[in-house]
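# Tertiary structure, described
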Amino acid sequence: MHRVRLKHNRRPFLAFRDSNGVPRIEAESFASALYGLGYMQALDRPTQILFARAVAQGRSAELISDNENLLEMDRFFRRVGLYLNLSQEVDSLDDAVRHNLEAFCEGLNDSMLPTRRSLPMWAVGFQPEPWNVEAVLLIGNLLNFNGLAVGQQQSERLILELIQAGIEEKRLRELLSPLLDNADFSLLRQVKISSQLSDEALELITDLPRLAGSNAWALMPKRSATGGALLAADPHLEINRLPAIWYEAVLQYGDRYLMGATLPGCPTFGVGRTPDIAWGVTYLKGDTSDYFIEDVRQSDGVWQYRRGESWHDFDVRSEIIRRKGSGEPHVFHVYSNDQGTLEGDPNELGEGYQLLVSWIGDHEGVGRSVATWVSLAEATSTREAMNLVRECPQPTLTWIFADRRGHVGQQSAGWFPKRAPGCNGAIPPPAWDESNHWQGRLSNYMLPAEFDPPRGFVATANETTNPENGPKLVTLPTPDYRKRRLDEELHKLPLATLEDMQRLQYDFINVQARDLLGVFLPHLPDGEVKDKLSAWDYSYDPKSVEATIFTRLYRQVLLEIFGQDPQRGGIGWRRIVYLASRTGFSTMIVTCIDRVLMREESAWWEAGTKPKLIAAAGTHLDEELKRKPAEPWSEVNAFRFTNRFFEGTLVGKALGYHTGDRPMPGCFATLFQGHLLKVAQREATFAPSYHFVTDVTADEAWTNLPGGPSESRFSKYYRNDIARWETGEYKRLVAFPHEAVEPDEEESDEE
């Protein structure tokens, strides 16, 4: 362990790096420890922190680079307005929380502002601005909204696009059942949909911090070989861009500690532990945003919306985006009312039906989200922690807890709108009928929770979590493959070890393949496809050829059944390949398709023809394999680590910022969710971004992540943990180390 020689700190604290570069901060108080955390985050990740704020503010074209993709992204975030009302939210924080956040910001500024700019900042002429509590809340808002923006809202738009594509109504209603049971197709086909974000802008948004998928579980002592409660968590995010999304740290203050993974720019531990409790989270995929249909007209040059038979003027907000090196700012207008914000520009769409979006994260009090995470360090039991996070406004999460006394719990959290009867949250209702508007918020006491269940464990993997006989928190179809696999394996472990927990985080078995091969195999013709898949263990191990064959068979079955042109009632071969492949993968559509494939009868095939369609898909694939044998999954599901600041540039390649192809195990349906996407010219990944396993009775945790502490390519800590992440090896974080302290090292660890 090396002590870091501090140069600019104004509060007393000690900083060390363990042999893996993970910072350890020792201070007398929690506030001083947070000061140290801010100091070390700014030392290791200044560009990541400051660029994220510029994007969330809608100022990237002003502060980073004047190009059309960044300008489009700025327009998007200005319309959303994450930066609005931050000062009021700060004022509403209680004094203790505000004091802690201010200490964190003070440390970040003391570290960052006196030092030289990073190479990416220098390359684009970026000038750092002080960090403050508003900036912390803004990054929290970005995390709260970003998963929603490219998840729930995209899926709801997709439903509308499928309705307008002319797909046979009976088939579409069955595919998306029950979402379209009461949908007015004639009205929905008249809605004017604004242009989607370009692929180039969308890929920039997917690069930002957001929640997508995760696994987390905890075992009671009666199911633990150690005699203590065990907890494992692995949030799934984009992992192929360095520096890593998470920043590990260990804080020690007095006789207490806090360790785990933080988000740069925030003093919040998304996964972590204290002497008393440990926690992990998964994205609940809760629906906190709805589209409504507004009837829009222009009267005397003023855009209006209708309520009943009365017309009202939209509120208009002028947004001015300054452009780097340009004298001409970009000016546009945002139209809103008390129900939400128009998604598009009426000056471009014209009069008629348009989409308006409402998000509960716009409501007053959402700033308490960051306060909840910071306050979690003070909780001393699972029950206390569950009660605390139940009140957390955003994002919608399922929390998993375990405490030192052996209690475990699961708590859903987040603000949810109370929808009007007949409104399901997935289909936009007419806003001119005010009975369709939200009717307040659901009580947090309605959110699902579980404490010390008889089975001896709690587990979650982004499955649908709705209260029994209660309102729908998750409104879109969600696959349960990972959750089922997790439950099956945990039931097999009467006395689990830490090694068992780690093994489960690297499980590659695909329950989707197991389910669907029960349907496909009886109808496949004799040949290589049937022979290989009949003997397969459903593993998406990188060496598996069968994983590649199943993936290709699945796509071919979809083409046979759903690939007809819309004029013939189908989805169309281009669209179905897009939605079920790496390019435009839709978890919602794949979930719906899999439900249909499990049925004997469906509107998607004539009576008795399903076996013939499956057989035709198998025959087609057998012929393909004769011409070109299937590659191992490692060659199909391969990716590269790149630098998020220099991706695609000659500088990035010349300075060795990027790696060669690396095999990605797993797929969207495996516990190790090794899922690749293609967005425009960039490759996107969803995979475990952090592995965390702990026995709560031991003051330590076992972790790895795809990256390292530093954002500098020239640091030995830039990607030093990748080898562990790839091989399933874990390093030890310890609360009270006994290793000798080596001579001081400079603040900069660049070689």
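Report follows, based on the coordinates. (Residues numbered from 1 in each chain as written. Predicted model: local features only at pLDDT ≥ 70, side-chain atom pairs only at ≥ 80, totals over all residues. Heavy atoms only, no water.)

## Points about a nonpolar patch on the surface
To keep things clear, this is the line we draw: Patch membership requires more than 30% relative accessible area and the absence of a salt bridge. Residues of like charge join within 9 Å; the nonpolar side chains Val, Leu, Ile, Met, Phe, Trp and Tyr join within 5 Å. Areas reported here follow the Shrake-Rupley algorithm with a probe of radius 1.4 Å; residue values treat only the protein chains shown as occluding. Any Lys or Arg side-chain nitrogen located within 4 Å of an Asp or Glu carboxyl oxygen qualifies as a salt bridge. Helix and strand labels come from DSSP, where a helix needs a run of H or I of at least four residues and a strand needs a run of E of at least two; each type is numbered from the N terminus. Any residue under 20% of the maximum accessible area for its type is buried, any over 50% is exposed, and the rest in between are partly exposed; the area is computed with a 1.4 Å probe on protein chains only.
There is a patch of nonpolar side chains on the surface, built from Leu 119, Trp 122 and Phe 714 and spanning about 310 Å² of accessible area. Among the structural elements, Trp 122 can be located in helix α7 (residues 119-124). Taking the relative accessible area as the measure of exposure, Trp 122 reaches 58% and is therefore exposed.

## A closer look at a negative patch on the surface
What counts here: By the counting scheme adopted, Arg and Lys are positive, Glu and Asp are negative, and His together with the chain ends is not counted. Just so you know, the charge point we use is NZ for Lys, CZ for Arg, CG for Asp and CD for Glu.
Taken together, the side chains of Asp 313, Asp 315, Asp 338, Asp 433 and Glu 434 make up a negatively charged region of the molecular surface. Mapping Asp 315 onto the fold places it in strand β14 (residues 315-321). Taking the relative accessible area as the measure of exposure, Asp 315 reaches 49% and is therefore partly exposed.

## Here's the deal with empty space enclosed by the protein
Just so we agree on the cut-off: Here a cavity means grid points, on a 1 Å grid over the protein atoms only, where a 1.4 Å probe fits yet cannot get out; a pocket means an open set of points with protein on both sides within 12 Å along at least five of seven lines; lining residues are those with an atom within 4 Å of a point. Grid points are joined across faces, edges and corners, and a volume is the space filled by probe spheres set on the points. Note that Gly is not counted as nonpolar here; it falls among the polar residues with everything else outside the nonpolar set of Ala, Val, Leu, Ile, Met, Phe, Trp, Tyr, Cys and Pro and the charged set of Asp, Glu, Lys and Arg.
Taken as a whole and assessed by the stated rule, the structure comprises nine cavities of 30 Å³ or more. Taken together, 17 residues line the largest cavity, and the ones lying closest to its centre are Leu 143, Leu 263, Thr 268, Trp 373 and Pro 395. Grouping the constituent residues of the lining of the largest cavity by class yields 11 nonpolar, six polar and no charged. In this model, the second largest cavity occupies a volume close to 60 Å³. Around the second largest cavity sit Asn 20, Val 22, Arg 45, Trp 246, Tyr 247, Glu 248, Leu 705, Gly 708, Pro 709, Asn 720, Asp 721 and Lys 731, which together line it. Taken together, the residues of the lining of the second largest cavity sort by class into five nonpolar, three polar and four charged.

## Looking at the nonpolar core
Here is the rule: Grouping buried Ala, Val, Leu, Ile, Met, Phe, Trp, Tyr and Cys residues that are joined through side-chain atoms within 4.5 Å yields what is termed a nonpolar core. By the convention used here, residues are in contact when the closest approach between their heavy atoms is within 4.5 Å.
Grouped together as the largest cluster of nonpolar side chains are 107 residues, with contacts concentrated most on Leu 37, Trp 131, Leu 251 and Trp 399. Those residues in contact with Trp 131, other than ones at most four positions away along the chain, are Ile 49, Leu 50, Arg 53, Phe 104, Cys 105, Leu 108, Asn 109, Val 136, Ile 139 and Gly 265. Counting residues in each nonpolar core, the second largest holds 73 residues, with Leu 172, Ile 293, Phe 550 and Ile 576 among its members.

## What about the packing of helix α20 (residues 545-562) against helix α22 (residues 587-597)?
Helix packing geometry: the angle between the two helix axes and the distance between the axes. Rules: Helix axes are fitted to C-alpha atoms over the stretch in contact, other axes to C-alpha atoms as well, and angles between N-to-C directions run from 0 to 180 degrees. To sort the angles, those under 35 degrees are grouped as roughly parallel, those over 145 as roughly antiparallel, those from 65 to 115 as roughly perpendicular, and the leftovers as oblique.
Close contact between α20 and α22 brings their axes to 12 Å; oriented N to C, the two are set at 75 degrees. Our classification of the angle between α20 and α22 gives roughly perpendicular. Facing α20, whose interface residues are Tyr 554, Val 557, Leu 558, Ile 561 and Phe 562, α22 presents Val 590, Ile 593, Asp 594, Val 596 and Leu 597. Per-class residue counts for the contact of α20 with α22 are nine nonpolar, no polar and one charged.

## What about unusual backbone geometry?
A cis amide bond links Leu 242 with the next residue in sequence, Pro 243, at an omega value of 5 degrees. Position of Pro 243 relative to the elements: it lies in the loop between β6 (241-242) and β7 (247-253). Residue Pro 395 follows Gln 394 across a cis peptide bond; omega there is -10 degrees. With respect to the secondary-structure elements, Pro 395 resides in the loop between α15 (382-389) and β18 (397-403). Here the phi dihedral of Asp 452 falls at roughly 45 degrees; this positive angle occurs in a residue that is not glycine. Within the secondary structure layout, Asp 452 lies in the loop between β20 (449-451) and β21 (457-460). The residue Asn 469 is not glycine, and still its phi comes out positive at about 60 degrees. Summarising the element assignment, Asn 469 is placed in the loop between β21 and α16 (481-491). Residue class for Asn 469 comes out exposed when judged on its relative accessible area of 79%.

## Some details on helix α23 (residues 610-627)
Quick reminder of the rule: Helix span, expected: 1.5 Å multiplied by one less than the number of residues in the helix.
Taking 1.5 Å per residue as the helical rise, α23 with its 18 residues ought to reach 26 Å, and the 27 Å between its terminal C-alpha atoms agrees with that figure. Those residues of α23 not exposed but buried are Lys 610, Leu 613, Ile 614, Ala 617, Gly 618, Leu 621, Asp 622 and Leu 625. Buried positions along α23 lie against α18 (511-520), α19 (528-534), α20 and α22.

## Quick look at the side chain of Gln 152
Cut-off, in case you're wondering: Think of a polar contact as two N or O atoms within 3.5 Å of one another; within protein, one of them needs to be a possible hydrogen donor and the other a possible acceptor, and neighboring residues in sequence only count if both atoms come from side chains.
Among the secondary structure elements, Gln 152 is positioned in helix α9 (residues 152-164). Exposure remark for Gln 152: the relative accessible area of 8% places this residue in the buried category. At 3.0 Å, the side chain of Gln 152 and the side chain of Asp 287 are in polar contact.

## Details of the sheet that holds strand β12 (residues 302-307)
Put simply, the rule is: Any two strands with at least two DSSP-identified bridges between them are counted as paired.
The strand order β13-β12-β11-β17-β16-β15-β14 describes an open sheet built from seven strands, whose pairing is antiparallel. Because the sheet does not close on itself, it has two edges, and the strands there are β13 (310-313) and β14. Looking at each pair of strands side by side, their axes are set apart by 40 degrees on average, direction ignored. As defined by bridge partners, strand β16 (residues 340-342) adjoins strand β17 (residues 352-359) across two bridges and the pair is classed as antiparallel. Note that in β17 the partner of Leu 342 across the bridge is Leu 356. Strands in contact with α9 are β11 (289-299) and β17; relative to β11, the strand with the most contacts, it is inclined by about 60 degrees.

## A word on the packing of aromatic side chains
Keep this limit in mind: Stacked, tilted and edge-to-face pairs are distinguished by plane angle, under 30 degrees for stacked and over 60 for edge-to-face with tilted covering the rest, among Phe, Tyr and Trp rings (Trp via its six-membered ring) whose centres lie within 6.5 Å. Should the NZ of a Lys or the CZ of an Arg lie within 6 Å of a ring centre and within 35 degrees of the ring normal, that charge is described as sitting over the ring.
A full pass over the atoms with the stated rule returns 31 aromatic pairs. Measuring from centroid to centroid gives 6.5 Å for Tyr 35 and Tyr 39, while their planes differ by 35 degrees, and the two rings are tilted. Of this pair, Tyr 35 and Tyr 39 both sit in helix α1 (residues 30-44), four residues apart, which is roughly one turn of that helix. With a relative accessible area of 0%, Tyr 39 lands in the buried category. Ring geometry for Phe 672 and Trp 725: centres 5.7 Å apart, planes at 50 degrees, overall tilted. Taken together, the residues Phe 672 in the loop between β24 (662-663) and β25 (675-679) and Trp 725 in helix α26 (residues 722-727) connect sequence positions 53 residues apart. For the pair formed by Phe 672 and Trp 725, the shared burial category is buried. Taken together, the ring pairs in this structure connect Tyr 506, Phe 508, Phe 639, Phe 641, Phe 672, Trp 725 and Tyr 730 into an aromatic cluster. Across from the ring centre of Phe 332, 4.4 Å away, lies the NZ or CZ of Arg 75, which sits over that ring. The ring centre of Phe 451 lies 4.0 Å from the NZ or CZ of Arg 383, which sits over that ring.

Take it as geometry only, folks, not as evidence of what the structure does.
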